[in-house]
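Here is how the chains run, residue by residue.
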Amino acid sequence: MTNREFMANLFQDPKQLIWVVLFLFAGLSFSASVINPLHEATDELRHYRFVQHIIQRQSLPVQGEVGCSAQGHHPPLFYTVAAAATFWVNTGLDVCYEPEINPFWNYRQWEVSDDNKNLYLHGPEEAFPWYGMALAAHLTRVVNVLMGVGTVYLTWLVGCALWPKRPCLALGSASFIAFNPMFIYMAGAVNNDVIAALAGTAVMLACVKLMQDEQGLSRRWGVILGALFGIALMSKFNLLAIVGVIATAVTVVAWRQKQWRLWFEVALIAGAMTLLVSGWWFVRNQLLYGEPTGVQRLTELWGVRDPSESWGVAIFELTPTWTSLWGRFGYGQIPLPAWIYTFLRWLIGLGFLGLFVPIVRRNENDKRLEAPLFLLALNMALFFVVVFNYLLISPAGAMGRFYFPALSSLSILCFYGWWCWGDLLVNSIQIEAQRLFVGVNYAIMIGLSALAIFGYLAPAYARPAPFDGNTTVPNPTNAQFDNLINLRGYEIKQTAVQAGQPLDIDLYWEVTGQPPGNYLMFIHVMDVETGAMIVQRDTHPGLGNAPARYWQPGERFVESVRIWIPETTYTPSAAEVSIGLYAPGAYRLGIVAEDSTGLGDSFKLGQVALRPWQTPNLADQFVNPLDQNFNNEIRLVGYEYGGRFAKAGETFDVSLMWQALQDAPTDYQIQLWLLDESGNVLTAVETTPDISPTSQWQEGQIVETMHAIQLPPDIPSGNYRIHVALIDSLTKAPQNIVAEDGHWINNHLLLSLFRVD
């Protein structure tokens, strides 16, 4: 058979296309594993330490006794398999090896960008060809890729069991999980969530096969289900919930076949097999921690929430949990654009809505599917309860990966729902339309995955763009920083910038020496009138991706830095922009010009004009317009000082403008603190709005509140700022400021600096 004939046969028979899906999934997952620097995925370092603990110390880690965090609360199946695959690699590093952390890694973590998204600093020791620790970590990732391949294949088998004469349905179901960007990403990282998905799908396959077994229950099913459940428990403890699916499947079959005696026997055999496979783990936990799960010790080490007080937080965290189920990389600091999550929300929602089509049409042919599809829906519901319960008790619960054991069920049901929409078409075009949807689904999900991995993950960890020595740079200069790096040119992208908007700067660097360690870069934006700092940014060069200790003489790169001007900046005014480099906690690098003239320790790039924040319909009413949404009830829309300068012992006047976002908001008090530049509180004022209580405000009403702060008579000369918070009069809790996308920014607001002389 020629290659052309093979490909023709492959695409004529949907059953053969599963191999294409598996190949593409493996390729994308391996690509993600190569693109993603080591230990950047959530808890990857801790999972990797578990593997190394088995290899180096030849034992399982005990919670709190390893000397570092090594995920010792997890069952050991994945880690044992990974240790067997990598035991021969000499890493040369201890189990508790800790890479150098990037202190700026969580900068504007909700934002789609490539700005300081790396938790750790990465160097050439991680580059290909891999050796030592890098080789061990990448091989462990390959083990996880293979487990991801197994999950996709088992999803295909579940689909084939449900629709043996509709291979397109099985193919679409498998592709829906295979091209989930987050599943691809996690399969290319070190974790036990993918093996949890594999084990959960294996249990679902067995339960579906049991329900289709014409002979009903037998002792053989007790062995199979017990062994699979034991393996599931050894994969991840949250798979305990899948016992509900197993019990339901066994009970439904026993009811149909009137096999209640066998029901009892199967339950006993399954229980015995589960204990045989996983019982030792629970005995070990009982001996070590005094209870069989080890969860109590986990909460002692990691912290715990009071469920009775966490319902509001848990509901709020459902949104990040949803987004991280589809693609929110790292520790959540690498999100995808909002339109992708919105598209997926519609895709999933319409898919599930399509499940009602067979009910409306009362299709008798679909009755045989009712019980197996109910099992899939039950699996989804059980793991939603698991995830929500974790949100109630854990501050680290907002992770979509905890739902992976039910991801294959979600994929199958969603795709089947879309297929059912095709049943509304006339028979002559129904099959072709449904096959077309498989192809469209293929294209959309593959494109989405490729976009996520190569369009957003890869840029987050990319080194800054190089430039040639012959490149014509803007504003050419020759500012030499301690004979280590030369600023060849720069460009401030804007001549004027609004408060609340970004200022973009390009810096053209040429490395001239080998740094002895890491240097950080600062960008200062100073108020020309008062000399006060408007905003400061500190970062490792390359936005975290070009640490100084890895610079090589002759290297050239363009540093593109974005610095956000605070919305509370007092405007209109002018600001001066300067940059510099410094050793953390020590000294700044000196700067000299080309003629060896000293330029100090900061280089002035130029000035920009600052314009007021543009609030729709309100910008012209206030000196300093704002848009700060407190708890979706009241927003601060502007403020004004009695002046930019004050004297010790005087009264400093602050006027705040508020707008009600609904009728009769909660009864709040307004809290103002006087802070020095170090954040120390000098004076505190807490008042009830003097015109009317907030609980009497009407939606859209604008209320101005006046506040007088008495400056201490002995207050030193310098710059000071005002802290504003909205306090619930009953609970005394400060209210969160909510961003447009719903994330919480802070529970207070810092207004612009003013000067005391």
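See the structure above.
The structure contained in this document is the topic of the report that follows.

About the cut-offs
- Residues numbered from 1 in each chain as written.
- Predicted model: local features only at pLDDT ≥ 70, side-chain atom pairs only at ≥ 80, totals over all residues.
- Heavy atoms only, no water.
- Buried < 20%, exposed > 50% of the residue type's maximum accessible area, 1.4 Å probe, protein only.
- Helix = DSSP H or I, 4+ residues; strand = E, 2+ residues; numbered from the N terminus.
- Pairing = 2+ DSSP bridges.
- Disulfide = S-S within 2.5 Å.
- 1 Å grid on protein atoms, 1.4 Å probe; cavity = no way out; pocket = protein on both sides within 12 Å on 5 of 7 lines; lining within 4 Å.
- Points joined across faces, edges and corners; volume = space filled by probe spheres on them.
- Nonpolar A, V, L, I, M, F, W, Y, C, P; charged D, E, K, R; others polar.
- Axes fitted to C-alpha atoms, helices over the stretch in contact; angles between N-to-C directions.
- Phe/Tyr/Trp six-rings, centres within 6.5 Å; stacked < 30°, edge-to-face > 60°.
- Lys NZ or Arg CZ within 6 Å of the ring centre and 35° of its normal.
- Core = buried A, V, L, I, M, F, W, Y, C linked by side-chain atoms within 4.5 Å.
- Contact = heavy atoms within 4.5 Å.
- Lys, Arg positive; Asp, Glu negative; His and termini not counted.
- Salt bridge = Lys/Arg side-chain N within 4 Å of Asp/Glu carboxyl O.
- Polar contact = N/O pair within 3.5 Å; in protein donor to acceptor, adjacent residues only side chain to side chain.

Counting buried residues along strand β10 (residues 573-582), 8 of its 10 residues qualify, which places the element largely inside the surrounding structure. As paired elements, strand β7 (residues 520-527) and β10 share 8 bridges and run antiparallel to each other. Residue pairing for β10: Leu520 is matched across the bridge by Tyr582. Of the pairings in the sheet, the one linking β10 to strand β12 (residues 603-611) comprises 7 bridges and is antiparallel in character. Across the sheet, the residue bridging to Val577 is Gly606, located in β12.

Moving on to the state of the cysteines. Covalent bonding between the sulfur atoms of two cysteines is what defines a disulfide. Under the defined criterion, the tally for this structure stands at 1 disulfide. At a sulfur-sulfur separation of 2.2 Å, the disulfide partner of Cys68 is Cys96. The chirality of the disulfide connecting Cys68 with Cys96 is left-handed, given an S-S dihedral of about -80°. Of this pair, Cys68 sits in the loop between α3 (44-57) and α4 (77-86) while Cys96 sits in the loop between α4 and α5 (132-162), and the two are 28 residues apart along the sequence.

The volume enclosed by the second largest pocket comes to roughly 410 Å³. Taken together, 22 residues line the second largest pocket, and the ones lying closest to its centre are Pro37, His122, Gly123, Glu126 and Tyr461. For the lining of the second largest pocket, the class distribution of residues is 13 nonpolar, 7 polar and 2 charged.

Let us now look at unusual backbone geometry. At the junction of Phe128 and Pro129, the peptide bond is cis and its omega measures out at 5° in the coordinates. Here Pro129 lies in the loop between α4 and α5. A cis geometry characterises the amide bond from Thr571 onward to Pro572, with omega recorded as -5°. By the element assignment, Pro572 lies in the loop between β9 (556-564) and β10.

Another aspect to go through is empty space enclosed by the protein. A complete count under the given rule lists 2 cavities of 30 Å³ or more for this structure. Lining the largest cavity are Tyr48, Gln52, Gln56, Thr91, Leu93, Asp94, Val95, Tyr97 and Met133. At 3 residues, the largest contribution of residues to the lining of the largest cavity is made by α3. Its residues assigned to classes, the lining of the largest cavity comprises 5 nonpolar, 3 polar and 1 charged. Volume-wise, the second largest cavity comes out at about 40 Å³. Along its surface, the second largest cavity is lined by Thr42, Met182, Ser324, Arg328, Gly330, Gly332, Met399, Gly400 and Arg401.

Quick look at the sheet that holds strand β5 (residues 496-498) now. Strand order in the open sheet formed by 5 strands is β5-β12-β10-β7-β8, with mixed pairing between adjacent strands. The strands lining the two open edges of the sheet, one partner per strand, are β5 and β8 (533-539). Each strand axis lies, on average, 30° off the axis of its neighbour in the sheet, ignoring direction.

Using the criterion set out here, one finds 31 aromatic pairs in the structure. For the ring pair Phe522 and Tyr582, a centre distance of 6.3 Å and an interplane angle of 40° mean the geometry is tilted. With Phe522 in strand β7 and Tyr582 in strand β10, the pair connects residues that are 60 residues apart, well separated along the chain. Tyr582 gets classed as buried once you look at its relative accessible area, which sits at 17%. For the pair Phe652 and Phe754, a centre-to-centre distance of 3.8 Å together with 10° between the ring planes defines the contact as stacked. Placement of Phe652 in strand β16 (residues 651-660) and of Phe754 in strand β24 (residues 754-756) is noted, with a sequence separation of 102 residues between them. The buried category is assigned to Phe652, whose relative accessible area is 3%. A relative accessible area of 0% means that Phe754 is categorised as buried. Ring pairs connect the aromatic residues Tyr570, Tyr639, Tyr641, Phe652, Tyr720 and Phe754, which therefore count as one cluster. Cation over ring: Arg108 sits above Trp564, and NZ or CZ is 3.9 Å from the ring centre. One residue, Arg537, lies across the ring of Tyr107, its end atom 3.7 Å from the ring centre.

Counting residues in each nonpolar core, the largest one holds 120 residues, and the members touching the most others are Val152, Leu162, Phe183 and Phe329. In terms of residue count, helix α8 (residues 193-212) provides more of this core than any other element does, 14 residues in total. In this structure, Phe329 is in contact with Pro181, Met182, Tyr185, Ile334, Leu336, Ala452, Ile453 and Leu457, ignoring residues within four places of it in sequence. Core analysis: the second largest hydrophobic core is formed by 37 residues, Leu503, Ile534, Trp551 and Val577 among them.

As a further point, take the side chain of Asp728. Mapped onto the elements, Asp728 comes out in strand β20 (residues 718-728). One buried charge, Asp728, has no salt-bridge partner; the nearest side chain with opposite charge is Lys732, at 7.7 Å. Polar contacts involving the side chain of Asp728 include one to the main-chain amide nitrogen of Thr731, which spans 3.1 Å. When near neighbours in sequence (up to four residues on either side) are disregarded, Asp728 contacts Thr666, Asp667, Tyr668, Ala733 and Gln735.

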